[in-house]
Amino acid sequence: MDDLTIARAIHVLSIVHWIGGMSFVTLVVLPLARRWVVAGQRLTLFEAAERRFSTQVRLSVPLAGASGLYMMARLDAWHLLVQPSQWWLGAMALLWLVFMAILFVIEPAIGSKLLKAGYSDPDRTLWRVERVHWFLLAVSAVVAGAAVLGAHGGLG
Ligand code: HEM
């Protein structure tokens, strides 16, 4: 087994953890928290689950990027980033940058302040958080699907 195959396995595993975890938060934790019988605990429930996941994803997202960059270097594929037919490569990198910014810049800077302010109207806050999660999940699913198709010659 060569280093490229190992890097691809690390890449896919990191993405399974990251996007799979985000699916769970979006499709299970958030709807559950919004319908939780004790209204005063709804936001706390989401916050506790999200905190646990965000600690883990701070490992899987950098690992996805490192293994992706390793493959780019190994395949000497940098020139493909500007080829319109290989748009899925740029889309992967862009999505990764967005999540790195959310996890390492935006969340530490304003995440807890936003949530604290959200306790004045927890139901509205949870609804907003769920919509943002839905948007990020939909974009991630499209990019992941396109990446599999693109990597195996399915996008022309
Ligand atoms: C800095 C960020 C990233 C870089 C540099 C990168 C780079 C790469 C490279 C070079 C490949 C191999 C292409 C080939 O074999 O021809 C690949 C495959 C793949 N990437 Fe990324 N990637 C990044 C982020 C992402 C993200 C955010 C996702 C998920 C949304 C993703 C999902 C995938 C998938 C599903 C494959 C196909 C694996 C396979 O079926 O063989 N990547 N990536």
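Attention in this report is confined to the structure presented alongside it. Quantities reported herein were computed from a predicted structural model and do not represent experimental measurements. (Residues numbered from 1 in each chain as written. Predicted model: local features only at pLDDT ≥ 70, side-chain atom pairs only at ≥ 80, totals over all residues. Heavy atoms only, no water.)

### Describing the pattern of salt bridges
Here comes step 1: This model, assessed by the stated rule, comprises five salt bridges.
Here comes step 2: Across the pair D3 and R74 runs a salt bridge whose closest N-O atoms are separated by 2.9 Å. Taken as a pair, D3 in helix 1 (residues 3–35) and R74 in helix 2 (residues 42–75) lie far apart in primary sequence, 71 residues in all.
Here comes step 3: A relative accessible area of 40% means that R74 is categorised as partly exposed.
Here comes step 4: A salt bridge links E107 to R58; the shortest N-O distance between them is 3.3 Å. Here E107 is found in helix 3 (residues 87–118), whereas its partner R58 is found in helix 2, with 49 residues between them in sequence. (Salt bridge = Lys/Arg side-chain N within 4 Å of Asp/Glu carboxyl O. Helix = DSSP H or I, 4+ residues; strand = E, 2+ residues; numbered from the N terminus. Buried < 20%, exposed > 50% of the residue type's maximum accessible area, 1.4 Å probe, protein only.)

### Regarding the coordination of the iron atom of the ligand
Here comes step 1: All of the protein donors around the iron atom of the ligand are H11 (NE2) and M92 (SD); their distances to the metal are 2.1 to 2.3 Å.
Here comes step 2: Around the iron atom of the ligand, the six donor atoms sit at angles spanning 80 to 180°, and that spread fits a shape best called octahedral. Taken together, the residues span a long stretch of sequence, with H11 in helix 1 and M92 in helix 3 at a distance of 81 residues.
Here comes step 3: For H11, a relative accessible area of 13% corresponds to the buried category.
Here comes step 4: On the basis of relative accessible area, M92 is assigned to the partly exposed category, the value being 24%. (Donors = N, O, S within 2.8 Å, 3.2 Å for Na, K, Ca; no water. Tetrahedral: all angles 85-135°; square planar, octahedral: opposite > 155°, others 65-115°.)

### A short note on the nonpolar core
Here comes step 1: Among the nonpolar cores identified, the biggest contains 23 residues, and W18, L30, F46, V57, V61, F99 and L126 are the most heavily contacted of them.
Here comes step 2: Contributing elements (two or more residues each) for this core: helix 1, helix 2, helix 3 and helix 4 (122–151).
Here comes step 3: Per-element tally for this core: the top contributor is helix 1, with seven residues. (Core = buried A, V, L, I, M, F, W, Y, C linked by side-chain atoms within 4.5 Å.)

### Some remarks on the packing of helix 3 against helix 4
Here comes step 1: Orientation of helix 3 relative to helix 4, taken along the N-to-C sense of each, is 165°, at an axis distance of 10 Å. Compared by their axis directions, helix 3 and helix 4 come out roughly antiparallel. Every pair of crossing elements has a handedness; the one defined by helix 3 and helix 4 is left-handed. Judged by residue contacts, W87, W88, A91, M92, L95, F99, I102, L115 and G118 of helix 3 engage P122, T125, L136, V139, S140, V143, A146, A147, G150 and A151 from helix 4. (Axes fitted to C-alpha atoms, helices over the stretch in contact; angles between N-to-C directions. Parallel < 35°, antiparallel > 145°, perpendicular 65-115°, else oblique. Left-handed = near helix turned anticlockwise from the far one by under 90°. Contact = heavy atoms within 4.5 Å.)

### What about unusual backbone geometry?
Here comes step 1: Although it is not a glycine, D76 adopts a positive phi angle of roughly 50°.
Here comes step 2: Position of D76 relative to the elements: it lies in the loop between helix 2 and helix 3.
Here comes step 3: Under the relative-accessibility criterion, D76 is labelled exposed at 52%.

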